[in-house]
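# Breakdown of the fold
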Amino acid sequence: MNILFIASEATPFAASGGLADVIGSLPAALKKASPEDDVRVILPLYGTMNAAWREQLTYLTNRTVTLNWRNQYCGIFTVTYRGVVYYFLDNEYYFKRGSLYGEFDDAERFAFFCRAAVDLLPTLGFFPDVLHAHDWQAALSVLYLKRKYADVEGYKDIRTVFTIHNIQYQGKYGFELMNDVFDLLPSDFETVEYDGCLNLLKAAVVCADRVTTVSPTYAKEILSPQFSYGLDPVLHAYQGKLTGILNGIDKELYSPSKSPELPASFHVNRMAGKTVCKRELQEQLGLPVNAETPVIAMITRLVDSKGLDLLTLAADTLLEEEDVQLVVLGTGDFYYEEFFRRLALRHPDRCRVTLRFDQVLAKRIYAGADIFLMPSRTEPCGLAQMICSRFGTVPVVHETGGLYDSIRDAGCEGGGNGFTFASYNAWDMLYALRNALELYRNHDAWKKLVRRVMLTDFSWDASAQKYLELYRELK
Ligand code: GLC
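Just so we're clear, the structure is a prediction, and the values are computed from it rather than from any experiment. (Residues numbered from 1 in each chain as written. Predicted model: local features only at pLDDT ≥ 70, side-chain atom pairs only at ≥ 80, totals over all residues. Heavy atoms only, no water.)

## Quick notes on the overall build of the chain
Inclusion rule: By definition, any uninterrupted DSSP run of H or I lasting at least four residues is a helix, any uninterrupted run of E lasting at least two residues is a strand, and each is numbered from the N terminus. A radius of gyration in this sense is built from C-alpha atoms; the matching globule rule multiplies 2.2 Å by the number of residues raised to 0.38. Working definition: with a 1.4 Å probe on protein chains only, accessible area under 20% of the residue-type maximum means buried, over 50% means exposed, and in between means partly exposed. Contacts were defined at the residue level, with two residues in contact if any of their heavy atoms lie within 4.5 Å. Shrake-Rupley sampling with a 1.4 Å probe provides the accessible areas, and residues are treated as covered by the protein chains on show and by no other component. Here Asp and Glu are counted as negative and Lys and Arg as positive; His is not counted, and neither are the chain ends. To locate a charge, the coordinates of NZ of Lys, CZ of Arg, CG of Asp or CD of Glu are taken.
For the chain, the count of helices and strands is 21 helices and 18 strands. Over its C-alpha trace the chain gives a radius of gyration of 23 Å, about what one expects of a compact globule, namely 23 Å for 475 residues. Principal axes of the C-alpha set define a box for the chain whose edges measure 65 × 45 × 40 Å. Here the chain, with 475 residues, has 60% of them falling under the buried criterion. Excluding contacts between residues fewer than 6 apart, the proportion of contacts in the chain whose partners are at least 24 apart in sequence is 71%. Total accessible area computed for the chain in this model is approximately 19,000 Å², and 50% of it derives from carbon and sulfur atoms. Across the chain, the mean location of the 49 positive side-chain charges is 4 Å away from that of the 59 negative side-chain charges.

Right under this line is the structure:
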């Protein structure tokens, strides 16, 4: 079977969030699970790609891509990464920008990307059995395939899967873009219109043969207005093709015994290195070096959905009443950056806040902390709770989406792999944290829990099988 991913980011080439992790690791996992299948990926070639990767790309060819009245150059580059062919579509006017998204013409940039991806299949000499598009940036590829290529030889039998990584971002635009930018016909209007505007995510949900999201619980949650950002009526209408498949993580990339960024390596049966990582982290951040004080970490985008409003209510109480250290890494909304900056000033011996995107420090925190806090109000899947687990840092999470599907409370029968709270409020979060802190003081019990946490299987193996089953059903 030929499988083609279309997405707007992938680790290690371009990343702004969890989507990149998935597109950088799921294709290799599919290949491992089913070596006879051919899995390839199409991405934009961003100007932000680091030079080392840029140099590894091979130039294949170029074509002119037509989007309504526009005729645009499109170069095609390629590299094989972990046995998977990645293609990069090059157009400097669209993609040589300071950031991946948030540009004034995102609609046009990704319309071009989707049109080029579908248009160039003959040039690539690769016709997929399944085209698997991810998030709103790739949504138009599904629509184009169904509406513009349905009768074209080679394209006719292509089946489509569309994955929603976060329903908050839908690609909503004004009607004026319908023809001019998206190159759609009046007959497409009903498909792409929703709630008074054009909605690309909605169009892909309507057109795709299957719709998936990144955890079973999120697949249920988005059927309700509380989580759907307005799309629940559409998802209800197409519920029959909606499923949730939990993401995995790349075990190689996130391994405490194979991370050169760490001051010491460790392993579930050789844990001394974790103590070194903790000491070095406290030292690096200028916190009092103390092995007994539990370090609570957060690595997150500083935005509302990540549950930070709970911190604004409970962080002072936590830092005043408990002997803990709080370490925060991330960037985002000014309001939360300011909140954390001031929190750190109020608690100079207990709290450190680093307001930047820093993958090396992130790894050191994953490895050096004891507890990882993830109180997200909503979380489609969440990867950090899995990553921290690999590094023996115990997650404390709100029971939502993928957090609910991946973490069970240690108080559960049979023992869990973290601590959870069900109701979204600051005091329940604090209660779960205090349960964690209490267990932390019991060295033997904590060691056992850390072991269980580290041995939880968050690999892609099971989920890759589920995707393969889904693809096969479509054939
Ligand atoms: C989005 C979601 C996150 C998920 C990731 C990968 O970033 O917000 O929960 O883990 O996509 O699917």
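## Overview of the packing of helix α14 (residues 308–321) against helix α15 (residues 334–346)
Condition: Geometry is summarised by axes, namely lines fitted to C-alpha atoms with helices restricted to the contacting stretch, and by angles between N-to-C directions that run from 0 to 180 degrees. In these notes the angle categories are as follows: under 35 degrees is roughly parallel, over 145 is roughly antiparallel, 65 to 115 is roughly perpendicular, and the rest is oblique. Charged means Asp, Glu, Lys or Arg here, nonpolar means Ala, Val, Leu, Ile, Met, Phe, Trp, Tyr, Cys or Pro, and polar covers whatever is left, Gly included.
The geometry of α14 relative to α15 is characterised by a closest axis approach of 11 Å and an angle of 0° between their N-to-C directions. Put simply, α14 runs roughly parallel to α15. Contacts between α14 and α15 involve L308, D309, L311, T312, A315, D316 and L319 on the former and, on the latter, Y335, Y336, F339, F340, L343 and R346. Looking at the contact of α14 with α15 residue by residue, the classes come out as nine nonpolar, one polar and three charged.

## Remarks on the packing of aromatic side chains
Our working rule: In this scheme Phe, Tyr and Trp rings, the latter by its six-membered ring, pair at centre separations within 6.5 Å, and the angle between planes marks the pair as stacked below 30 degrees, edge-to-face above 60, and tilted otherwise.
Under the defined criterion, the tally for this structure stands at 28 aromatic pairs. Their ring planes at 55° and their centres at 5.8 Å tell us that Y101 and F110 sit as a pair that is tilted. Looking at Y101, the relative accessible area reads 21%, which means it is partly exposed. Look at F110 and you get buried, because its relative accessible area is 2%. Both rings, one in Y173 and one in F182, keep their centres 6.0 Å apart while their planes meet at 65°; by these two values the pair is edge-to-face. You can call F182 buried: its relative accessible area is 0%.

## Quick notes on the layout of surface pockets
Put simply, the rule reads: A cavity, in this analysis, means grid points on a 1 Å lattice covering only the protein atoms where a 1.4 Å probe fits yet has no way out; a pocket is instead an open set bounded by protein on both sides within 12 Å along at least five of seven lines, and a residue lines either one if it has an atom within 4 Å of a point. Grid points are joined across faces, edges and corners, and a volume is the space filled by probe spheres set on the points.
When its volume is computed, the second largest pocket comes out at roughly 520 Å³. Counting residues per element, the ones that place at least two in the lining of the second largest pocket are α13 (272–285) and α20 (443–455). Sorting elements by how many residues they give to the lining of the second largest pocket places α20 first, with six residues. For the lining of the second largest pocket, the per-class residue count stands at eight nonpolar, four polar and six charged.

## Digging into the site of the ligand
Heads up, the rule is: Near residues are defined by distance, with any heavy atom within 4 Å of the molecule or strand qualifying the residue. Polar contacts here mean pairs of N or O atoms no more than 3.5 Å apart (in protein, one a potential hydrogen donor and the other a potential acceptor; neighbouring residues in sequence count only if both atoms are side-chain atoms).
Close to the ligand lie G18, L19, V22, H165, N166, V214, N247, E379, P380, C381, G382 and L383. Within the side chain of N166, a nitrogen or oxygen atom sits 3.2 Å from an oxygen atom of the ligand. Note that an oxygen atom of the ligand is positioned 2.8 Å from one of the side-chain N or O atoms of N247. In the complex, 91% of the free accessible area of the ligand, which totals 300 Å², lies under the protein chains. Residue composition of the shell around the ligand, grouped by class: six nonpolar, five polar and one charged.

## Some points on unusual backbone geometry
For the peptide bond that leads from T11 to P12, omega is 5°, which places it in the cis range. Mapped onto the fold, P12 is located in the loop between β1 (2–6) and α1 (18–33). Positive phi values are uncommon outside glycine, yet N68 reaches one of about 55°. Secondary-structure assignment places N68 in the loop between β3 (58–67) and β4 (70–81). Phi at R82 is positive, roughly 50°, even though this residue is not glycine. Within the fold, R82 resides in the loop between β4 and β5 (84–90).

## Describing empty space enclosed by the protein
To find leftover empty space, one rolls a probe the size of a water molecule over the atoms. The full count for this structure, using the stated rule, is two cavities of 30 Å³ or more. What the largest cavity holds in volume is close to 60 Å³. Lining the largest cavity are T11, D21, G24, S25, Y81, G248, I249, D250, L253 and Y254. Taken as a whole, the second largest cavity encloses approximately 40 Å³ of empty space. Around the second largest cavity sit S8, E9, A10, F13, A14, L43, P44, L45, Y46, M49 and F88, which together line it.

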